[in-house]
Amino acid sequence: MIRLTLNQAHELAESILLHNGFSPAHAAAVTATVVAGERDGCASHGLYRVIGCVNSLKAGKVAAAAEPQVIDQAPSIVRVDARGGFSQLAFQAGLPVLEAKARSNGIAALAINHCVHFSALWVEIEQLTEAGLVALACNPSHAWVAPAGGSQPVFGTNPIAFGWPRVGQPPFVFDFATSAIARGDIELHRRAGKSIPDGWGVDADGQPSTDPNEVLDRGAMLTFGGHKGSALAAMVELIAGPLIGDLTSAESLAYDAGSKSSPYHGELIIALDPQRFLGLGAEAHLARAEAVFEGIQGQGARLPSQRRFDARARSLEEGVQIPEALYNDLKALLVS
Ligand code: NDP
Ligand code: PYC
């Protein structure tokens with residue numbers, strides 16, 4: 001393993017993105033996300049993703065200098081056209097308008113369109129909880145996941161993330177793929193030469209497989225929670241696809257045309273302002289929410305994101321460690 005300070009991780013990611021032709025604005029926005037992923041112990045959406053950014057650019061599937069266009073769609077809806085660039089800059093452009101609309105209407109949505117998307121959603125959710133807003137985000141990806149009861153890919157790995165701000169505590173945040181695991185995690189198993197657990201995927205014949213090559217290249221991933229994850233994955237296809245005028249995971253994969261680039265589609269982010277919902281007495285109601293968290297932690301169970309926040313605290317002290325092979329692959333992107 002190679003140890004890097006967070007500054008070194010930042011410098012490595014940003015210099016690769018700039019060297020390969022991304023605009024300073026995109027390089028900065030993408031670097032912030034992947035370094036946050038590595039810092040929080042989310043290797044599947046950490047520095048490893050920089051390789052995919054460069055591959056997507058070389059394949060002509062992402063615009064290196066796209067300037068997002070903000071469109072005031074409706075009193076409670078802001079739309080951002082990413083114009084083929086990465087989602088991170090589009091989110092940055094839409095965030096202030098989303099916040100303002102949520103505060104004035106109580107609930108508001110940000111629809112990002114035409115973005116190339118590979119990031120973990122908690123990075124965005126935490127920016128909304130920091131502003132005191134409750135938040136929900138989801139997006140399709142590429143059609144890699146079979147519906148419950150089937151064996152042919154229809155859905156993307158379709159993450160759903162939720163955040164709830166807390167006073168004097170880190171926010172309550174969960175963020176998971178509706179597949180049994182993010183595809184990035186299976187890719188990391190393949191890179192490490194490891195098999196995957198039962199329940200993550202099937203081979204080309206629809207039979208359970210623990211071989212990442214079979215699942216990634218010939219078979220299909222599976223949803224979490226059987227028919228429940230399958231229905232949630234379908235919901236994400238609908239509300240972050242046709243509802244916002246953007247591609248489904250099947251359409252994104254067809255657009256990819258075998259280039260193995262990051263998915264190209266939209267993202268839906270919903271923000272709710274507790275102060276506007278509750279008015280006078282908001283604090284008393286929000287204080288009652290704490291009993292839910294006490295009910296979970298009081299019996300020794302952990303909150304989602306606790307592992308991540310612990311990893312963050314550790315990384316801020318010690319930096320991060322990445323596999324030497326990944327470090328070498330990243331360094332190679334500075335000379336090509
Ligand atoms: P995991 O299954 O590892 O974890 C998902 C969530 O569950 C996290 O909030 C995690 O918190 C929490 N969690 C895990 N174990 C426990 C536990 N024992 N008790 C309580 N909470 C727990 O994640 P996935 O593989 O499903 O997704 C990983 C990432 O991949 C996400 O950030 C997601 O946004 C991203 N992704 C992005 C996609 C895209 O299209 N852009 C597509 C698919 C995934 P903690 O982190 O603290 O462990
Ligand atoms: O890990 O499933 C995944 C993923 C898809 C797009 C970005 N991450």
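You'll find the structure just up there.
These remarks concern the structure in this document.

**Describing the overall build of the protein chain**
At step 1: On a plain count of helices and strands, the protein chain comes out with 13 helices and twelve strands.
At step 2: For 336 residues, the compact-globule estimate of 2.2 N^0.38 gives 20 Å, and the C-alpha radius of gyration of the protein chain, at 20 Å, lies within 12% of that figure.
At step 3: Overall size of the protein chain, expressed as C-alpha extent along the three principal axes, is 55 × 45 × 45 Å.
At step 4: The 336 residues of the protein chain split such that 50% are buried.
At step 5: For the protein chain, long-range pairs separated by at least 24 residues make up 66% of all intrachain contacts whose partners lie at least 6 apart in sequence.
At step 6: For the protein chain, the exposed area adds up to about 14700 Å²; of that, 56% sits on carbon and sulfur atoms.
At step 7: Averaging the coordinates of the 25 positive side-chain charges in the protein chain and doing the same for the 34 negative ones gives two points 1 Å apart.

**As for the sheet that holds strand β10 (residues 220–222)**
Strand pairs in the sheet, formed through backbone hydrogen bonds, run parallel or antiparallel to each other.
At step 1: Strand order across the open sheet formed by three strands is β6-β10-β9, with mixed pairing between neighbours. Single-partner strands in this sheet number two, and they are β6 (145–146) and β9 (201–202).
At step 2: Here β6 pairs with β10 via two bridges, running parallel. The residue of β10 that forms the bridge with A146 is L222.

**A look at the pattern of salt bridges**
Opposite charge on two side chains allows them to pair when their charged atoms are near.
At step 1: Counted according to the given criterion, the structure contains twelve salt bridges.
At step 2: Put simply, E99 and R103 hold a salt bridge, and the shortest N to O gap is 3.7 Å. In this pair, E99 and R103 both sit in helix α4 (residues 87–105), four residues apart, roughly one turn of the helix.
At step 3: By relative accessible area, which is 36% here, R103 ends up partly exposed.
At step 4: Between E126 and R312 there is a salt bridge, and its shortest N-O distance comes to 2.9 Å. Separated by 186 residues along the polypeptide, E126 in helix α5 (residues 122–130) and R312 in helix α12 (residues 306–318) bring together distant segments of the chain. Of the two residues examined, E126 and R312, each falls in the buried class.
At step 5: Overlapping salt bridges bring together R39, D40, E126, R308 and R312 as one network.

Cut-off values and rules
Residues numbered from 1 in each chain as written. Chains lettered and ligands numbered in written order. Predicted model: local features only at pLDDT ≥ 70, side-chain atom pairs only at ≥ 80, totals over all residues. Heavy atoms only, no water. Helix = DSSP H or I, 4+ residues; strand = E, 2+ residues; numbered from the N terminus. Rg over C-alpha atoms; globule rule 2.2 N^0.38 Å. Buried < 20%, exposed > 50% of the residue type's maximum accessible area, 1.4 Å probe, protein only. Contact = heavy atoms within 4.5 Å. Areas by Shrake-Rupley, 256 points an atom, 1.4 Å probe, with all protein chains shown as cover. Lys, Arg positive; Asp, Glu negative; His and termini not counted. Charge placed at Lys NZ, Arg CZ, Asp CG, Glu CD. Pairing = 2+ DSSP bridges. Salt bridge = Lys/Arg side-chain N within 4 Å of Asp/Glu carboxyl O.

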